[in-house]
Amino acid sequence: MQNGIDKASLDQWYVLDTEALIPVGRSQNRLLGTDLTVVKQADGVIEVFAEGRVEPLPLRHRFGFLWATLGQPEREIFPLPEADEPDRRYVPCGVVTVKASGLRIVENFLDMAHFPFVHTDVLGAEPHTEVQSYDVEIRREEDEVWATNCTFFQPQAALSAQDGITTQYMYRVMTPFTTILYKTCPNAANRWDVIGLFVQPLDPGRCRAHPIMYLIDDVSTTTELIHFQQMIFLQDRIILENQRPVLLPLEPRKEIPTRADASSIAYRRWLKEKGVTYGASTVAA
Ligand SMILES: [Fe+2]
């Protein structure tokens with residue numbers, strides 16, 4: 001524990017911003033309850049300083065984002081080979097501030113059961129409300145949570161989708177606060193569209209979420225693609241900001257699981273194994 005931050009949360013890489021949007025000069029940011037000063041030179045060189053520390057923070061530049069850590073990550077930023085495929089559209093979707101626990105944001109991203117009710121007529125529609133069973137595992141070598149063989153009927157799975165389709169999904173949680181989904185690509189039968197959500201916890205109950213997409217889509221404009229993703233995420237934000245309790249309960253007795261919750265159960269178990277408490281409530285029921 002350091003300033004109330006558990007070691008597992010401290011020793012991670014976090015997105016601070018889309019690098020191209022960081023202004024030259026000094027600007028303020030925040031991570032895990034710590035105020036940051038970002039200094040960008042005219043030649044683009046960036047340094048980030050955390051309150052109370054002299055040495056600048058370690059930084060990484062990946063997926064168009066500036067990443068930083070307050071701790072000592074055991075690993076580099078996770079691999080994402082699709083990001084380097086030349087024919088993909090790289091679509092950074094801006095940043096959304098959410099008054100919710102970062103762990104809740106990741107858990108909501110993994111949840112298919114809410115599609116028909118929150119993203120009505122887009123990612124789901126009645127009467128197709130049932131979540132089919134799927135496979136979940138904690139992959140020990142990569143230390144990631146994966147949910148595979150997920151399917152859901154979607155009226156408009158992507159902006160480029162013409163009709164309703166049964167969409168296939170895979171979900172991946174790389175770190176406690178970063179997650180990616182792979183979904184059926186309406187334009188390329190043998191490839192996946194990739195959508196990432198990288199959460200920057202400001203405080204236990206307040207975050208910035210950085211969505212990003214790597215798509216196969218030659219038709220839609222970038223603005224249209226961003227608007228589509230933002231519409232989806234703003235629908236999620238309403239739900240996220242009204243979830244109670246605000247902090248994610250890691251004791252399984254707190255909330256009653258259903259079959260649809262298999263990924264959530266694995267995610268919570270994995271968080272607990274790691275000792276992640278930032279944004280979690282660990283008080284037993
Ligand atoms: Fe959602």
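See the structure printed just above.
Here the structure is a predicted model, which is why all the values come from computation and not from measurement.

**Student:** Could you clarify how one ought to interpret the environment of Asp163 in this entry?
**Tutor:** Relative to the helices and strands, Asp163 resides in the loop between β10 (144-154) and β11 (165-175). Taking the C-alpha atoms as reference, Asp163 lies 16 Å from Phe115; in sequence the two are 48 residues apart. In this view, Asp163 contacts Gln154 and Pro155; residues no more than four positions away in its chain are not counted.

**Student:** What should I look at first to understand the environment of Thr34 in this one?
**Tutor:** Looking at where Thr34 falls in the secondary structure, it is placed in strand β3 (residues 34-40). Under the relative-accessibility criterion, Thr34 is labelled buried at 10%. For the pair Thr34 and Leu70, spaced 36 residues apart in sequence, the C-alpha separation works out to 8.9 Å. Apart from residues no more than four positions distant in its own chain, Thr34 is found in contact with Asn29, Ala50, Glu51 and Leu70.

**Student:** What should I look at first to understand the sheet that holds strand β6 (residues 65-68) in this one?
**Tutor:** Strands belonging to one sheet form pairs held by backbone hydrogen bonds; the direction of such a pair is parallel or antiparallel. Taking strand neighbours across the sheet as the criterion, the three strands line up as β1-β6-β5 in an open arrangement whose pairing is antiparallel. The strands lining the two open edges of the sheet, one partner per strand, are β1 (14-18) and β5 (59-62). Each strand axis lies, on average, 30 degrees off the axis of its neighbour in the sheet, ignoring direction. Alignment of β1 against β6, held across four bridges, turns out to be antiparallel. If you follow Thr18 over to β6, its bridge partner there is Phe65.

**Student:** What am I meant to see in the sheet that holds strand β4 (residues 46-50) here?
**Tutor:** Judged by pairing direction, the sheet is antiparallel, and its three strands sit side by side in the order β2-β3-β4 without closing on themselves. Pairing within the sheet leaves two strands with one partner each, and these edge strands are β2 (25-31) and β4. In this sheet, neighbouring strand axes are inclined to one another by 25 degrees on average, regardless of whether the strands run parallel or antiparallel. Sheet analysis places β2 next to β3, joined by seven bridges and oriented antiparallel. When the bridges of β3 are listed, Asn29 appears paired with Leu36.

Cut-off values and rules
Residues numbered from 1 in each chain as written. Predicted model: local features only at pLDDT ≥ 70, side-chain atom pairs only at ≥ 80, totals over all residues. Heavy atoms only, no water. Helix = DSSP H or I, 4+ residues; strand = E, 2+ residues; numbered from the N terminus. Contact = heavy atoms within 4.5 Å. Buried < 20%, exposed > 50% of the residue type's maximum accessible area, 1.4 Å probe, protein only. Pairing = 2+ DSSP bridges. Axes fitted to C-alpha atoms, helices over the stretch in contact; angles between N-to-C directions.

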